[in-house]
Amino acid sequence: MNRNALLGAVFMLAVTSASEAAADGGPGPLGVTAVAVATPQTAQVGALFTVEDAEAGRFFGEHFCTATVVRSPHHNLIATAAHCLEQAGDFAFVPGYRDGRAPYGVWKIDRVFLPDGWAKDQDEDSDVAFATLDELDAKGVEDVVGANRFATGTATGATPVTLTGYPDEAEEPVRCTNRPTPHNSAQQRIACPGLTGGTSGSPWVNGDGEVVGVLGGHEQGGATADVSYSVVLGAEAAELYRDATAER
């Protein structure tokens, strides 16, 4: 994403009377971004890295995007933005990453699934992707940290959603809850401060524990740090999920 510089470890907006109601299942007031407390739910979200030696649990460089574990028959699937994984390379997913530590292991990406709209034309209305992960200690990532359901066809703004992601310049995730609104028929948007570069791929999770958006889409997620976007998860995303879950 094209983002402004990180303004601090914790991002806050003035809490107005309109933002004092907590979202369904959310961590607090609407439209406020703060460091995410380590919980079983935030453990399902992780940072993407370039792999140095996944078998030895090593990765290097800066984390560059965010991803989340979603339910799948083989317990090995993550969702992120397509623009995060469009380049060839060896990448790893580190769920629950904090301060250089990988509390749930380093999971090497096995295969990437991009929608045709992105693979052919980099269509911003197709900016969603899946990746399957290799097993670690004979387990799938979902067996270790759990997963949310990937939900398509939900109404934008039906409930507030919570975003959890990793800004490039931070070593722990941040979190914000607010109600998304339509941008157009193919895109949805949300007002949350401080979601800078690196938060691309962050899941939008509703109160039912469903991933109903992935930070990306319009302008690869947004031209400012205060308003972010996601494609509306519709037929193309559903077909991509079917393709990804059919693979072992």
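This text follows the structure it describes.
Residues numbered from 1 in each chain as written. Predicted model: local features only at pLDDT ≥ 70, side-chain atom pairs only at ≥ 80, totals over all residues. Heavy atoms only, no water.

One pass over the structure, following the stated rule, counts three salt bridges. Residue E172 pairs with R98 through a salt bridge whose shortest N-O separation is 3.8 Å. Within this pair, whereas E172 is found in the loop between β9 (161–165) and β10 (174–178), its partner R98 is found in the loop between β5 (91–95) and β6 (107–113), the two being separated by 74 residues in sequence. Owing to a relative accessible area of 25%, E172 belongs among the partly exposed residues under this scheme. Looking at R98, the relative accessible area reads 15%, which means it is buried. Across the pair E210 and R149 runs a salt bridge, and its minimum N-O distance is 2.4 Å. Of this pair, E210 sits in strand β14 (residues 210–214) while R149 sits in strand β8 (residues 149–150), placing them 61 residues apart in sequence. Accessibility expressed as a relative area gives 15% for E210, which makes it buried. (Salt bridge = Lys/Arg side-chain N within 4 Å of Asp/Glu carboxyl O. Helix = DSSP H or I, 4+ residues; strand = E, 2+ residues; numbered from the N terminus. Buried < 20%, exposed > 50% of the residue type's maximum accessible area, 1.4 Å probe, protein only.)

The first and last C-alpha atoms of helix α3 (residues 235–246) sit 17 Å apart over twelve residues, in line with the 16 Å expected at 1.5 Å per residue. Residues of α3 that are buried include every one of A237, A238, L240, A244 and T245, and no others. Down the axis, α3 shows its buried residues gathered within 160° of arc, on one side only. The exposed residues of α3 that point more than 90 degrees off its buried face are A235, R242 and A246. (Expected span 1.5 Å × (residues − 1). Arc of directions from axis to C-beta.)

Below, the discussion takes up the sheet that holds strand β11 (residues 181–182). Taking strand neighbours across the sheet as the criterion, the three strands line up as β11-β12-β15 in an open arrangement whose pairing is antiparallel. Each edge of the sheet is formed by a strand with only one pairing partner; in this case those strands are β11 and β15 (227–231). Across two bridges, the pairing between β11 and strand β12 (residues 187–191) is antiparallel. Each bridged residue has a counterpart across the sheet, and for T181 the counterpart in β12 is R189. (Pairing = 2+ DSSP bridges.)

So, about the environment of Q188. Mapping Q188 onto the fold places it in strand β12. When the C-alpha positions of Q188 and G216 are compared, they lie 9.9 Å apart, and in sequence the two are 28 residues distant. A distance of 3.2 Å separates the side chain of Q188 from the backbone oxygen of V231, its partner in a polar contact. (Polar contact = N/O pair within 3.5 Å; in protein donor to acceptor, adjacent residues only side chain to side chain.)

Let us look at the nonpolar core. Of all hydrophobic cores here, the largest spans 32 residues; its most connected members are L48, I78, F93, I109 and F130. If you list the elements that add at least two residues to this core, you get β3 (58–70), β4 (77–80), β5, β6, β7 (129–133), α2 (141–145), β14 and α3. Considering each element in turn, this core owes the most residues, four residues, to β3. (Core = buried A, V, L, I, M, F, W, Y, C linked by side-chain atoms within 4.5 Å.)

In this section: the pairing of β6. For β5 and β6, the ladder comprises two bridges, and the chain directions are antiparallel. Bridging from a neighbouring strand, F93 pairs with W107 of β6.

Before going further, it helps to examine unusual backbone geometry. Not every positive phi belongs to a glycine, and H75 is a case in point at roughly 60°. Following the sequence through the fold, H75 ends up in the loop between β3 and β4. A positive phi angle, near 50°, is found at Q122, a position not held by glycine. You can see Q122 is positioned in the loop between α1 (116–121) and β7.

A few words now on the pairing of strand β13 (residues 203–206). Residues P203 and V205 of β13 are buried on one face, and the alternating residues W204 and N206, pointing to the opposite face, are buried as well. Sheet topology places β9 next to β13; three bridges connect them, and they run antiparallel. The partner of L163 across the bridge, within β13, is W204. The antiparallel pairing of β13 with β14 creates a hairpin that spans three residues between the two strands, and G209 there sits at a positive phi of about 70°.

Attention shifts here to a negative patch on the surface. On the surface, D116, D121, D123, D125, E236, E239 and D243 cluster together to form a negatively charged patch. Put simply, the parts of the chain that give the negative patch at least two residues each are α1 and α3. Sorting elements by how many residues they give to the negative patch places α3 first, with three residues. By secondary structure assignment, the location of D123 is in the loop between α1 and β7. (Patch = residues over 30% accessible without salt bridge, like charges linked within 9 Å, V, L, I, M, F, W, Y side chains within 5 Å. Areas by Shrake-Rupley, 256 points an atom, 1.4 Å probe, with all protein chains shown as cover. Lys, Arg positive; Asp, Glu negative; His and termini not counted. Charge placed at Lys NZ, Arg CZ, Asp CG, Glu CD.)

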